[in-house]
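Inside the fold
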Amino acid sequence: MKHIHIILSFVMLASALSGCAADPIPSMSVTTLTITDGLNRTITLDIPAQRIVSLAPSNTELIYDVGAGSQLVGRDSFSNYPEEANQIQEIGGSMGQYNYEAITALQPDLVLAAEINTPEQVRSLETLGLTVYYLANPLDFDGLYENIRIVGQLSGHEPEAETLAGNLEARVREVQVDLAGATTSPTVYYELDATDPAQPYTLGSGTFGDYLISMAGGTNIGATIGKGWVQVSSEQILQSDPELILLGDVYSGVNPESLAARPGWDVLSAVRNGRVVPFNDDLMSRPTARLVDGLEALALLLHPEGFQD
């Protein structure tokens, strides 16, 4: 009889546990996710990822954007935003070289790569037994919202990611409303790299910066020169005569005065009208929530009349 009572107790316990099976799973419970990344690779991983290594500044920002900063255990050398990212262990990245030994020692359950990383680097990390998700750069704001949602899904912060995406979308719509009455499209020259002042680099077509300038109600003169980062001659700049010049080059020390001192550049409309403006390139080049900050700043520069109230 004693054995029968024990057996009945186990049956009752199993029945009670079975009744609880329908209860909601806590949001941070680990589940398995199968997802396709930006290299069209099928990735299977346990989510939420609790130990994340970021290989790019944009990924680091996105991790913090969705509220997963406490899950970041390693970041590349150029991840400098937000400020608390500087406290996270560096794993290399200068000249495209990463410390694979340091990455492995961190025991990440997810390595988040970006378009600055090569497929070869992704394969090298996978051969070490690491799970790597390659996050492709967005081509427009819809792509940015999707990337935010993906990072939220991978890190277990889907509600925060959804809220952020919605807020950003609302801000973009507000800019579009403010620009609805604009009747002009000022020409813009965006300087990326003036290591050679006679042939500096600018934003061509197909870049997010070109997309932002257009959305902000401007015309990017680099779009007619080529795709991606393109070199432009002084003659092309003088011929285009941009109405606004934005200095996104933070490394060469270029400022409005030194730009105006280049041979022949003093006659440019932007120079004569004091429309040469330093601009934080992170707001143009890093595919994070701050791209909306970049859009708002550009729209204000190009069409201040639309933001009078």
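Details of the structure are given in the entry above.
Source: prediction; values computed, not measured. Note on numbering: residues in each chain are counted from 1, in written sequence order. Reporting in this predicted model follows two pLDDT cut-offs: at least 70 for local features of residues, and 80 or more for side-chain atom pairs to be given and counted; totals over whole chains, interfaces and linings ignore these cut-offs and use all residues. Side-chain metrics in this entry use all non-hydrogen atoms of the structure; hydrogen atoms and water are not considered.

On to the packing of aromatic side chains, then. The pairing test for Phe, Tyr and Trp rings, Trp by its six-membered ring, is centres within 6.5 Å, and the orientation test on the planes gives stacked under 30 degrees, edge-to-face over 60, and tilted for anything in between. With the rule as written, the count across this model stands at six aromatic pairs. A ring pair is formed by F141 and Y145, whose centres lie 6.3 Å apart and whose planes are at 20°; its orientation type is stacked. Taken together, the residues F141 and Y145, both in helix α5 (residues 141-155) and four residues apart, mark about one turn of the helix. According to the relative accessible area criterion, Y145 is buried, its value standing at 4%. Helix and strand assignments follow DSSP, with helices taken as H or I runs no shorter than four residues and strands as E runs no shorter than two, numbered in order from the N terminus. When a residue's accessible area, from a 1.4 Å probe over protein chains only, is under 20% of the maximum for its type it is buried; when over 50% it is exposed; and in between it is partly exposed.

It is worth spelling out the sheet that holds strand β3 (residues 52-54) at this point. Strands pair, by our definition, only if DSSP identifies at least two bridges between them. The strand order across the open sheet formed by four strands is β4-β3-β5-β6, and the pairing between neighbours is parallel. Among the strands making up the open sheet, the edge pair consists of β4 (72-75) and β6 (132-135). Across the sheet, the mean angle from the axis of one strand to that of its neighbour is 25°, orientation sign disregarded. Bridge count for β3 against β4 is three bridges, and the pairing is parallel. Across the sheet, the residue bridging to I52 is L72, located in β4. Axes here mean lines fitted to C-alpha atoms, for a helix over just the part in contact, with angles spanning 0 to 180 degrees between N-to-C directions.

Turn by turn, an α-helix covers 3.6 residues, leaving residues three or four places apart pointing in a common direction. Expected span, for any helix, means 1.5 Å times one less than how many residues it has. Taking 1.5 Å per residue, 13 residues should reach 18 Å; helix α12 (residues 290-302) reaches 18 Å between its end C-alpha atoms and fits that length. Within the sequence span of α12, burial applies to R290, L291, V292, G294, L295, L298, A299, L301 and L302.

The side chains of a regular strand alternate between the sheet's two faces. Alternating residues of strand β2 (residues 42-47) divide into I43, L45 and I47, all buried, and T42, T44 and D46, none buried. Both strand β1 (residues 31-36) and β2 contribute to a ladder of six bridges, which runs antiparallel. Note on β2: the bridge partner recorded for T34 is T44. What sits between the antiparallel neighbours β1 and β2 is a turn of five residues, in which N40 has the positive phi angle 60°.

Our focus in this paragraph is the packing of helix α7 (residues 208-215) against α12. Viewed as axis vectors pointing N to C, α7 and α12 meet at an angle of 45°, and their least axial separation amounts to 8 Å. Our classification of the angle between α7 and α12 gives oblique. Between α7 and α12 the crossing geometry is right-handed. Counting all contacts with α7, which are made through F208, L212, I213 and M215, the residues of α12 involved are L291, L295, L298 and L302. Looking at the contact of α7 with α12 residue by residue, the class counts come to eight nonpolar, no polar and no charged. Note that the term roughly parallel is reserved for angles under 35 degrees, roughly antiparallel for angles over 145, roughly perpendicular for angles of 65 to 115, and oblique for everything else. Left-handed describes a crossing whose near helix is turned anticlockwise from the far helix by less than a right angle; the clockwise case is right-handed. Note on contacts: a residue pair is in contact if any heavy atoms of the two residues lie within 4.5 Å. For this classification, Asp, Glu, Lys and Arg are treated as charged, while Ala, Val, Leu, Ile, Met, Phe, Trp, Tyr, Cys and Pro are nonpolar and the rest, including Gly, are polar.

In short, shape yes, function no, at least from these values alone.
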